[in-house]
Amino acid sequence: MKSDIEFLKENRIFSGLFNGDAETLLEVATPGYVKRKQYIYQPGDPADAVYWIKSGRVKISKLTEDGREIIVGMFQNGDVFGEMAFVEDKPREYFAEALDDLTYVLIRRSQLFALSRRKPGVIYRFAKLIAERRREVETTLESLLYKGVRERLAGQLLKLSKEYGIEDTRGRLLRIKITHKDLASLIGSSRETVSLTLGDLKRVGLIDVNNDRKIIIRNEQQLSQLT
């Protein structure tokens, strides 16, 4: 595994900004580790740090008033999460849960401010990241309002294919296991409805499932026509 400093130097926020004085990053970066199914933070916790994933996956979610889980993001190696700590001093509103044994690097809010004064480019890159995440949330909300379950599920499978897909003899294999419950939480539906819809997509030959219960997208073009 790469060292913390190598990892940070390749990060989308810091890449190229600190190559001449990389020890600055090393001084403020703190490594961390949590086991699968543990929380990195929960609603009400102080938003005092930004995180970068070295290995593993993280699910960002919140609970509705009736107790349903809504997943607002799933992140993997190299991704940033908890980025709102850079722009506002408010408690966390979401759950950040490790989907695998997770190693990460964090930088405290106060240290980020100090870094941004030395390297103003950090501010621009964070602003760009936050804007991208906001657009993703807006797209998700629009989908929930105007699209049916079949359309939303097809769109989510295509998104997962882009992020986690690898070429397979039968199509595009999602290299992660994702439960029907998590898919339901991602598209604002019920597990039962998602299971039935996946079954329909499998019957018409758009998807398949391998022996490890990982989804294979057999025809992305036809699947995209459903979105």
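Attention in this report is confined to the structure presented alongside it. (Residues numbered from 1 in each chain as written. Predicted model: local features only at pLDDT ≥ 70, side-chain atom pairs only at ≥ 80, totals over all residues. Heavy atoms only, no water.)

**Points about the environment of T64**
- With respect to the element layout, T64 can be found in the loop between β4 (58-63) and β5 (69-75).
- The partly exposed category is assigned to T64, whose relative accessible area is 24%.
- Between the C-alpha atoms of T64 and L153, which are 89 residues apart in sequence, the distance is 20 Å. (Helix = DSSP H or I, 4+ residues; strand = E, 2+ residues; numbered from the N terminus. Buried < 20%, exposed > 50% of the residue type's maximum accessible area, 1.4 Å probe, protein only.)

**Here we look at a nonpolar patch on the surface**
- Together, V137, L141 and L144 make up a nonpolar patch on the protein surface, roughly 230 Å² of accessible area in all.
- Looking at where L144 falls in the secondary structure, it is placed in helix α4 (residues 121-146). (Patch = residues over 30% accessible without salt bridge, like charges linked within 9 Å, V, L, I, M, F, W, Y side chains within 5 Å. Areas by Shrake-Rupley, 256 points an atom, 1.4 Å probe, with all protein chains shown as cover. Salt bridge = Lys/Arg side-chain N within 4 Å of Asp/Glu carboxyl O.)

**Some points on the sheet that holds strand β7 (residues 95-98)**
- The four strands lie next to each other as β2-β7-β4-β5, forming an open sheet whose pairing is antiparallel. On the outer flanks of this sheet lie β2 (39-41) and β5, each paired with one strand and no other. Neighbour to neighbour, the strand axes of the sheet diverge by 30 degrees on average, direction disregarded.
- Bridging between β4 and β7 involves four bridges; their strand directions are antiparallel. Along β7, the bridge assignment pairs K59 with E97. (Pairing = 2+ DSSP bridges. Axes fitted to C-alpha atoms, helices over the stretch in contact; angles between N-to-C directions.)

**Description of the sheet that holds strand β10 (residues 171-174)**
- Taken together, four strands build an open sheet; the order of strands is β9-β10-β12-β11 and the sheet is antiparallel. Each edge of the open sheet carries a strand with a single partner, namely β9 (165-168) and β11 (207-209). When the angles between neighbouring strand axes are averaged without regard to direction, this sheet yields 35 degrees.
- Bridge count for β9 against β10 is four bridges, and the pairing is antiparallel. Looking at the pairing, E167 lines up with R172 of β10.

**Section: unusual backbone geometry**
- A positive phi angle is found at K37, which is not glycine, with a value near 75 degrees.
- Looking at where K37 falls in the secondary structure, it is placed in the loop between β1 (30-34) and β2.
- Judged by its relative accessible area of 46%, K37 falls in the partly exposed class.

**Description of the pairing of β7**
- A two-sided burial pattern is seen for β7, the buried positions comprising F95 and E97 on one face and A96 and A98 on the other.
- Pairing analysis gives two bridges linking β2 to β7, with the strands arranged antiparallel. Directly across from Y41, in β7, lies its bridge partner A96.

**Structural notes on the packing of helix α5 (residues 149-164) against helix α7 (residues 191-203)**
- Where α5 meets α7, the axes come as close as 10 Å, and the angle between the chain directions of the two elements is 75 degrees. With respect to α7, the axis of α5 lies roughly perpendicular. Of α7, the residues touching α5 (which contributes V149, R150, L153 and L157) are T193, V194, T197, L198, D200 and L201.
- Considered class by class, the residues forming the contact of α5 with α7 number six nonpolar, two polar and two charged. (Parallel < 35°, antiparallel > 145°, perpendicular 65-115°, else oblique. Contact = heavy atoms within 4.5 Å. Nonpolar A, V, L, I, M, F, W, Y, C, P; charged D, E, K, R; others polar.)

**Thoughts on the side chain of E97**
- You can see E97 is positioned in strand β7.
- Looking at E97, the relative accessible area reads 8%, which means it is buried.
- Apart from residues no more than four positions distant in its own chain, E97 is found in contact with K37, Q38, Y39, I40, R57, V58 and K59.

**Overview of the packing of aromatic side chains**
- For the structure on display, the rule yields eight aromatic pairs.
- An angle of 40 degrees between the planes, with centres 5.9 Å apart, marks the rings of Y41 and Y51 as tilted. Highlighted residues: Y41 in strand β2 and Y51 in strand β3 (residues 49-55), separated in sequence by ten residues. Each member of the pair, Y41 as well as Y51, carries the same accessibility label: buried.
- Between F86 and F126, the ring centres sit 4.4 Å apart and the planes meet at 15 degrees, which makes this aromatic pair stacked. (Phe/Tyr/Trp six-rings, centres within 6.5 Å; stacked < 30°, edge-to-face > 60°.)

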